[in-house]
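Spelled out from the first residue to the last, the chains are:
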Amino acid sequence: MSPAANTTDETHTFQVVFVLPGAESLEPHLDALQAAGCDDAAFMGPALDGTFTAEFDREAPAFAAAVVSALDALGAALPGVQLLRVQPEDIVSLSAIAARTGRTDESVRLLTQGRRGPGGFPPAAGWINEKTQVWRWADVARWFSDALDEPPAGGEHAAFLAALNDALDLAARAGDLRDRPGELEAVMRFLPKELTPA
Amino acid sequence: MRAKHPKKEVEAALQEAESAGFRVQTGRGHWGVMYCPGGEEDRCPAPFWLWSTPANAANHAKQIRRYVARCQHH
């Protein structure tokens, strides 16, 4: 049974991409997924890269609560599951920025170059090939809100999803460093104090 | 003719998907499974598992419609 709805709940939509080592199909796992209350999600996959996707429309008082309860439920239903990321994707191309902000690619390109708008567009997070830059959506959404007073729809969750996805990545990397305590300690030194228990 | 889905909102979304070339196979999983028109190279990703008693039938219908809208193969 999904979490009970009450009058302050809203419906939150998001996707969880995960890997289930050794699983070629989700069919044997559907009973467990329903028992864990995941029947508010559509399950798809596997994709060519072996990942599965669960698209949730989950009732909860807040977006973060919806996401966390969904991740907990997936973990309970699917022992050994590797949670890769929660979408909407934080890494965005120029075209994805245009789609999310209702602009043309050219308009966004001019904004990124400071040739239109107030300037100060966030620096790219990286290049995926010689010609294609990508940005962190959390940074871009905040710039649209602060610099242009045009907060993109759904942008209010960008910072949370960016941090959560980084935490999921860090959990995977910490597993890789399990047998290398010196390197693990080195990483721990740089964990932000906001994210370490008091 | 396949069996109709017990939830009318879901059945309506499935019929729209079938009109767009998606294939619904009943008797699998909890009720059935849907495949996009793409073949082995599908990236949608397929298959889409259909609940017989989803937590919210209207939302399950929306999930089907979003999947159809995102599909690159039709």
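Residues numbered from 1 in each chain as written. Chains lettered and ligands numbered in written order. Predicted model: local features only at pLDDT ≥ 70, side-chain atom pairs only at ≥ 80, totals over all residues. Heavy atoms only, no water.

(A) Main features of the pattern of salt bridges. Residue and element names in this part refer to chain A. Within this structure, the stated rule accounts for 15 salt bridges over all chains. The partner of Glu106 in a salt bridge is Arg109, with the nearest N and O atoms 2.6 Å apart. Separated by 3 residues within a single helix, Glu106 and Arg109 lie in helix α4 (residues 105–112), roughly one turn from each other. Overall, Arg109 belongs to the partly exposed group, its relative accessible area being 33%. As a salt-bridge pair, Glu183 and Arg180 come within 3.0 Å of each other at their nearest N and O atoms. (Salt bridge = Lys/Arg side-chain N within 4 Å of Asp/Glu carboxyl O. Helix = DSSP H or I, 4+ residues; strand = E, 2+ residues; numbered from the N terminus. Buried < 20%, exposed > 50% of the residue type's maximum accessible area, 1.4 Å probe, protein only.)

(B) Up close: the interface of chain B and chain A. In this assembly, 22 residues from chain B lie in contact with 26 residues from chain A. In total, about 1,900 Å² of surface goes out of reach between chain B and chain A, with carbon and sulfur atoms giving 50% of it. The interface formed by chain B and chain A holds 4 salt bridges in total. Note that Arg28(B) and Glu27(A) form a salt bridge whose closest N and O atoms lie 2.9 Å from each other. Here chain B is connected to chain A by 14 residue pairs in polar contact (both at pLDDT 80 or more). Contributions of two or more residues to the side of chain B that touches chain A are made by β3 (48–50) and α2 (57–70) of chain B. Among the elements that make up the side of chain B that touches chain A, the one with the highest residue count is α2(B) (6 residues). Taken together, the residues of the side of chain B that touches chain A sort by class into 9 nonpolar, 6 polar and 7 charged. Both strand β2 (residues 41–44) of chain A and β3(B) contribute to a ladder of 2 bridges, which runs antiparallel. (Contact = heavy atoms within 4.5 Å. Buried area = accessible area lost by both parts, 1.4 Å probe. Polar contact = N/O pair within 3.5 Å; in protein donor to acceptor, adjacent residues only side chain to side chain. Nonpolar A, V, L, I, M, F, W, Y, C, P; charged D, E, K, R; others polar. Pairing = 2+ DSSP bridges.)

(C) Structural detail: the sheet that holds strand β3 (residues 52–60) of chain A. An order of β4(A)-β1(A)-β3(A)-β2(A)-β3(B)-β2(B)-β1(B) is seen for the 7 strands of this open sheet, with the pairing classed as antiparallel. Where the open sheet ends on each side, the last strands, each with one partner, are β4 (82–87) of chain A together with β1 (23–28) of chain B. Neighbouring strand axes in the sheet, compared pairwise and without regard to direction, differ in orientation by 25° on average. (Axes fitted to C-alpha atoms, helices over the stretch in contact; angles between N-to-C directions.)

(D) Expanded view of the sheet that holds strand β7 (residues 133–136) of chain A. Residue and element names in this part refer to chain A. Pairing within the open sheet is antiparallel, and its 3 strands lie in the order β5-β7-β6. The open sheet has two edge strands, β5 (91–93) and β6 (126–127), and neither has a second partner. As judged from the 3 bridges shared by β5 and β7, these two strands associate in the antiparallel manner. The residue bridging Ile91 from the neighbouring strand is Arg136, located in β7. Sheet strands touched by helix α3 (residues 94–101): β5 and β7. Its angle to β5, the strand with the most contacts, is close to 95°. This element, helix α5 (residues 137–148), spans β5 and β7 of the sheet and lies at about 70° to β7.

(E) Just the side chain of Thr51(A), in detail. Residues and elements named next belong to chain A. Mapped onto the fold, Thr51 is located in the loop between β2 and β3. Of the polar contacts made by the side chain of Thr51, one reaches the side chain of Asp49; its length is 2.7 Å. In this structure, Thr51 is in contact with Val17, Phe18, Val19, Gly45, Pro46 and Leu84, ignoring residues within four places of it in sequence.

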